[in-house]
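# A look at the structure
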Amino acid sequence: MATRTSNIPEQPIDTYARLAHLLRSPAPDREALLDRLYEELLARESKAYAAGWTDALTEARRARPRG
């Protein structure tokens, strides 16, 4: 299985459209298709995880008493 993440364009792409594109694009075999899907999911999970930490840090800074 793949261990690297795909390069994600800066412009957001609709998740369903991206997955549909991956499923429709030719793949040499099932394992290659699964690798593509796995890389896409890892990339999205990493991005969501980072966004969650950013949100949590922002909230913590707001809640911190000033003074």
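This text gives an overview of the structure that appears in the document.

Quick notes on the rules
Residues numbered from 1 in each chain as written. Predicted model: local features only at pLDDT ≥ 70, side-chain atom pairs only at ≥ 80, totals over all residues. Heavy atoms only, no water. Helix = DSSP H or I, 4+ residues; strand = E, 2+ residues; numbered from the N terminus. Buried < 20%, exposed > 50% of the residue type's maximum accessible area, 1.4 Å probe, protein only. Salt bridge = Lys/Arg side-chain N within 4 Å of Asp/Glu carboxyl O.

### A few points about the environment of Leu41
Among the secondary structure elements, Leu41 is positioned in helix α2 (residues 30-63). With a relative accessible area of 52%, Leu41 lands in the exposed category. Along the chain, Leu41 and Leu19 lie 22 residues apart, while their C-alpha atoms are 9.5 Å from each other.

### A short note on the pattern of salt bridges
Under the criterion given, the structure shown has three salt bridges. Residue Arg18 pairs with Glu40 through a salt bridge whose shortest N-O separation is 3.2 Å. Of this pair, Arg18 sits in helix α1 (residues 15-24) while Glu40 sits in helix α2; the two residues are 22 residues apart in sequence, bridging distant segments of the chain. Residue classification places Arg18 among the partly exposed residues on the basis of a relative accessible area of 22%.

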